[in-house]
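# A structural walkthrough
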Amino acid sequence: MNETPTFDRIPHSAPTAPARRAELLADPGFGRVFTDHMVTIRYTEGRGWHTPRIEPRAAITLDPASMVLHYAQEIFEGLKAYRMPDGGAALFRPDLNARRFRRSAERLAMAPLPEALFVESVQALVHADRDWIPDTDGGSLYLRPFMVATEVALGVKPAADYLYCVIASPVGSYFKGGSGPVSIWVSETYTRAATGGTGEAKCGGNYAASLCAQAEAYREGCDQVVFLDAAERRWVEELGGMNVFFVFADGSLQTPPLTGTILPGVTRASLITLARDMGLVVREERYGIDQWQADAASGQLTEAFACGTAAVVTPIGRVRGQNRDITVGHGETGATTKRLRDALVDIQRGHAADPHGWRVPLV
Ligand SMILES: Cc1ncc(COP(=O)(O)O)c(C=O)c1O
């Protein structure tokens with residue numbers, strides 16, 4: 001198949017009525033409401049990628065011996081389409097998600113999807129379901145591309161056949177409390193990823209492995225979990241689904257480096273660029289949890305925030321752990337956090353110029 005395929009379009013015979021859609025879009029929450037269509041593309045060894053379709057969203061039939069159900073060859077992505085002020089729509093840096101998806105596939109020994117086909121598939125779905133992009137403040141259409149191993153076999157080996165799929169979900173804010181400060185729990189029981197593992201791939205297994213730690217955080221009354229490195233249990237890595245930044249009294253920023261155990265976030269990369277555009281110093285260097293505690297107490301550390309496509313930029317107000325209780329700044333949204341969040345959101349939503357060409361308008 002060439003890299004700019006024609007998707008077979010199979011329109012929904014009974015799409016959601018406009019009045020019902022408006023009702024759903026008024027308060028969609030996160031990841032609970034879905035649009036009418038989905039993309040599917042198949043991969044068969046020897047034939048390559050084939051049968052690209054936009055079809056009515058429906059259940060997927062899998063043989064019980066499909067390899068994904070046994071050995072977890074599954075990867076996914078998350079990106080958003082935003083309503084533009086002129087009524088059009090744009091994606092934010094889908095090329096980076098396409099690249100990360102290919103790298104995740106390679107790490108999980110799955111068939112890599114050509115990056116142009118990834119972007120094309122996402123654009124095709126947004127186009128088909130463009131009436132589902134919320135125009136509410138903070139709303140967007142969250143796109144979830146994913147791929148599973150469909151070969152029917154029980155031997156442990158890379159599968160020969162795959163199903164790639166994209167679904168879409170209109171969303172509001174990720175955290176129930178909106179964009180205000182969150183509290184995070186330092187997991188000392190569980191780690192997320194070790195050197196040589198799958199930490200920098202976006203595979204479902206990483207998230208399955210994080211759920212006990214997330215449950216521990218909820219039990220402790222915190223919103224999210226933060227993981228430390230697996231070797232020394234000392235260095236701050238990332239949250240369950242977000243990267244982390246620290247802001248210091250001298251105005252500089254720091255974020256953990258990409259050494260293979262954390263996800264290379266699109267939001268993380270964009271914020272590093274925006275901060276440097278603003279003349280701020282950004283270091284990609286390790287930061288220890290004890291240092292975090294000491295710097296917060298001394299006032300050296302003034303702000304901390306988490307970032308990701310889903311949660312955008314979310315201030316961290318408080319950090320708790322077995323023998324820790326850290327309040328960052330005054331537990332409120334800091335000025336640098338707000339400035340960076342506003343700069344990012346303004347570009348994503350078309351309220352500001354786009355000097356780096358990150359917006360990809362829907363044609
Ligand atoms: C573990 C993890 N870290 C970081 C991120 C942030 O990545 P991005 O900014 O690309 O959404 C995500 C979300 O995708 C994630 O799941």
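Up top is the structure these notes are about.
The model shown is predicted, which means the values in this text are computed figures rather than measured ones.

## Quick word on the environment of R42
Take R42: it is sitting in strand β2 (residues 37-44). Spatially, the C-alpha atoms of R42 and Y164 are 6.2 Å apart, while their sequence positions differ by 122 residues.

## Quick notes on the site of the ligand
Neighbouring the ligand are 16 residues, the closest being K202, Y207, E238, T267 and T309. One of the side-chain nitrogen or oxygen atoms of T267 is found 2.5 Å away from an oxygen atom of the ligand. Alone, the ligand offers 380 Å² of accessible surface; in the complex the protein occludes 95% of this. At the level of elements, α6 (266-277) and β15 (301-308) are the ones that each hand at least two residues to the shell around the ligand.

## Overview of the packing of aromatic side chains
Here the structure, examined in full by the defined rule, presents twelve aromatic pairs. With a centroid separation of 5.6 Å and 85° between ring planes, the pair formed by F248 and Y287 is classed as edge-to-face. Residue F248 is found in strand β12 (residues 243-248), and its partner Y287 is found in the loop between β14 (282-284) and α7 (289-298); the two are separated by 39 residues along the sequence. Note on F248: relative accessible area 10%, which makes it buried.

## Focus on the side chain of T40
Along the chain, T40 turns up in strand β2. According to the relative accessible area criterion, T40 is buried, its value standing at 7%. At a separation of 2.3 Å, a polar atom in the side chain of T40 contacts the side chain of E55.

## Examining the packing of helix α3 (residues 94-107) against helix α4 (residues 115-128)
Contact geometry for α3 and α4: axes closest at 9 Å, N-to-C directions at 125°. Relative to α4, the element α3 is oriented oblique. In the packing of α3 onto α4, the handedness of the crossing is right-handed. Between α3 and α4, the contacting residues are P94, D95, N97, A98, R99, F101 and R102 on the first element and E115, F118 and V119 on the second. Of the residues in the contact of α3 with α4, the class split is five nonpolar, one polar and four charged.

## Some words on the pairing of strand β3 (residues 48-56)
Sheet analysis places strand β1 (residues 8-9) next to β3, joined by two bridges and oriented parallel. Bridge pairing in β3 places D8 opposite R53. A loop of three residues connects β2 with β3, the two strands running antiparallel in sequence, and G46 in this loop sits at a positive phi of about 90°.

## Things to note about the environment of A14
Among the structural elements, A14 can be located in the loop between β1 and α1 (18-26). Assessed through its relative accessible area of 52%, A14 is described here as exposed. Each C-alpha atom, one on A14 and one on D36, is 8.9 Å from the other, the two residues being 22 residues apart in sequence.

## Quick word on the packing of α6 against helix α8 (residues 335-348)
Packing of α6 against α8 leaves a shortest axis separation of 10 Å and a crossing angle of 110°. It follows that α6 is roughly perpendicular to α8 by the angle criterion. As α6 packs across α8, the resulting crossing turns out to be right-handed. On the side of α6, the interface is formed by T267, S270, L271, L274 and A275, while α8 contributes L340, A343, L344 and I347.

## Some points on the pattern of salt bridges
On inspection of all chains with the given rule, the structure shows 14 salt bridges. E23 serves as the salt-bridge partner of R20, at 2.6 Å between the closest nitrogen and oxygen. On the criterion of helical spacing, the pair formed by R20 and E23 is a turn pair, its members being three residues apart in helix α1. The exposure class assigned to R20 is partly exposed, which follows from its relative accessible area of 41%. Taking the relative accessible area as the measure of exposure, E23 reaches 54% and is therefore exposed.

What counts, and at which threshold
- What you see as residue numbers is a count from 1 along each chain, following the sequence as written.
- Totals for whole chains, interfaces and linings use every residue, but because this is a predicted model, local features are given only for residues with pLDDT of at least 70 and side-chain atom pairs only at 80 or more, for both listing and counting.
- No hydrogens and no water enter the side-chain calculation; it runs on all heavy atoms of the structure.
- A helix here means a DSSP run of H or I that spans at least four residues, while a strand means a run of E at least two residues long, and both kinds are numbered starting from the N terminus.
- Definition of nearness: a residue and a molecule or strand are near each other if at least one heavy atom of the residue lies within 4 Å of the molecule or strand.
- A 3.5 Å cut-off defines polar contacts: any pair of N or O atoms within that distance qualifies, except that in protein one atom must be a possible hydrogen donor and the other a possible acceptor, and neighbouring residues in sequence count only when both atoms are side-chain atoms.
- For every accessible area listed, the method is Shrake-Rupley and the probe measures 1.4 Å; residues are considered covered only by the protein chains on display.
- Any Phe, Tyr or Trp ring, taking Trp's six-membered ring, that has another such ring centre within 6.5 Å forms a pair; planes under 30 degrees apart are called stacked, those over 60 apart edge-to-face, and the others tilted.
- Relative accessibility under 20% of the residue-type maximum defines a buried residue, over 50% an exposed one, and the middle range a partly exposed one, all with a 1.4 Å probe and only protein chains included.
- As a rule, the C-alpha atoms of each element are fitted with a line to give its axis, helices using only the stretch in contact, and angles between N-to-C directions run from 0 to 180 degrees.
- Angular relationships are summarised with four words: roughly parallel below 35 degrees, roughly antiparallel beyond 145, roughly perpendicular across 65 to 115, and oblique for the angles in between.
- Two helices crossing with the near one rotated counterclockwise from the far one by less than a right angle form a left-handed crossing, whereas a clockwise rotation gives a right-handed crossing.
- Contacts: residue pairs with any heavy atoms within 4.5 Å of one another.
- Ten residue types, Ala, Val, Leu, Ile, Met, Phe, Trp, Tyr, Cys and Pro, are classed as nonpolar, four, Asp, Glu, Lys and Arg, as charged, and the remainder, Gly among them, as polar.
- A pair of strands is treated as paired once DSSP finds two or more bridges between them.
- We count a salt bridge whenever a side-chain nitrogen from Lys or Arg sits within 4 Å of a carboxyl oxygen from Asp or Glu.

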